[in-house]
Amino acid sequence: MNLITAIFHSTLGKKYLMAITGLLLILFVIGHMLGNLQIFLGQETINAYGAMIKSKPALLWGARSGLLLVIAIHIWSAITLTKRNNGARPVGYRVNRAVAASYASRTMIWSGLILLAFIIYHILHFTVGALDPTLLKLKDDSGRHDIYQMIISGFSQPLVSGFYILSMALLCMHLSHGTSSLFQSLGFRSGRQKVWADWLALVLAWGIFVGNSSIPLAILMGYGKEVLKQWSGTQKSLPAR
Ligand code: HEM
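Residues numbered from 1 in each chain as written. Predicted model: local features only at pLDDT ≥ 70, side-chain atom pairs only at ≥ 80, totals over all residues. Heavy atoms only, no water.

(A) Representation of the site of the ligand within the structure. Around the ligand sit 18 residues in total, of which His32, Asn36, Lys54, Arg64 and His122 are the nearest. Within the side chain of His32, a nitrogen or oxygen atom sits 2.8 Å from a nitrogen atom of the ligand. Contact between the ligand and Lys54: an oxygen atom at 2.8 Å from a side-chain N or O atom of the residue. Looking at the shell around the ligand, the elements with two or more residues in it are helix H2 (11-36), helix H4 (57-88), helix H7 (108-128), helix H9 (147-155), helix H10 (158-185) and helix H11 (193-220). (Near = heavy atom within 4 Å. Polar contact = N/O pair within 3.5 Å; in protein donor to acceptor, adjacent residues only side chain to side chain. Helix = DSSP H or I, 4+ residues; strand = E, 2+ residues; numbered from the N terminus.)

(B) Spatial organisation of the nonpolar core. Ranked by internal contacts, the top residues of the largest apolar core, which has 33 residues, are Ile39, Ile151, Phe155, Tyr164, Leu171 and Ile219. Contributions of two or more residues to this core are made by H2, H7, H9, H10 and H11. Top contributing element to this core by residue count: H10, with 9 residues. In this view, Ile151 contacts Ile39, Ile46, Phe126, Ile215 and Ile219; residues no more than four positions away in its chain are not counted. (Core = buried A, V, L, I, M, F, W, Y, C linked by side-chain atoms within 4.5 Å. Buried < 20%, exposed > 50% of the residue type's maximum accessible area, 1.4 Å probe, protein only. Contact = heavy atoms within 4.5 Å.)

Dropping the structure here:
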């Protein structure tokens, strides 16, 4: 108990919490992206994947609760560390440090909070269906939730896709700096390791940007457009909202 209190109350403890929760979030983002990229393998593959995840509710809700806790700890450590840093330095010193710091590092707290807004929008869009409830009622020929059609329909709106791609650019910026800091906090960025750690952080951030953005971009360029005809037909057969 004392150890937990010490971790949550010390600056070093909070830095470790940020690093470990950041690492877990990166693993989630990579896993989620690999799952979503199955859209390029076709309707059957991605719908079967979605059905498989939803067939284990205990595991799904356990993972969702864990993810929520990890996000909450990450944001809490970020806000408390930022407040502490801002309060601990005389103004002049802070300005000099700010000039020396990279643009990404100075804007980490803001890119993080905007990403939180993106995640809330994204969950309302695809998990809750609050923006368009018909998206959650789509069924494929096997009676499974038609995730394929949902994503194609969602991203066939240029404004929605544009917003996602912009958010992915912000995520890329947040991750390239965040992953370097994570390596630093965990002790993998000293001496000659620095070059490799920063290079790996950059490759990871760009890989996630390209992988995630390829989905709305491909849909805007016409990928999967055959289901849109089906979609307008389905909308007509669904009860009016
Ligand atoms: C083009 C990129 C993305 C696509 C196509 C996509 C797709 C989806 C879909 C279809 C769901 C709903 C799953 C379901 O309940 O059936 C979902 C949920 C979610 N996504 Fe994404 N996503 C993308 C990017 C991201 C990113 C970058 C993040 C985080 C930074 C993210 C975080 C989440 C979270 C937290 C959930 C809720 C998980 C749950 O319902 O259990 N997504 N996403």
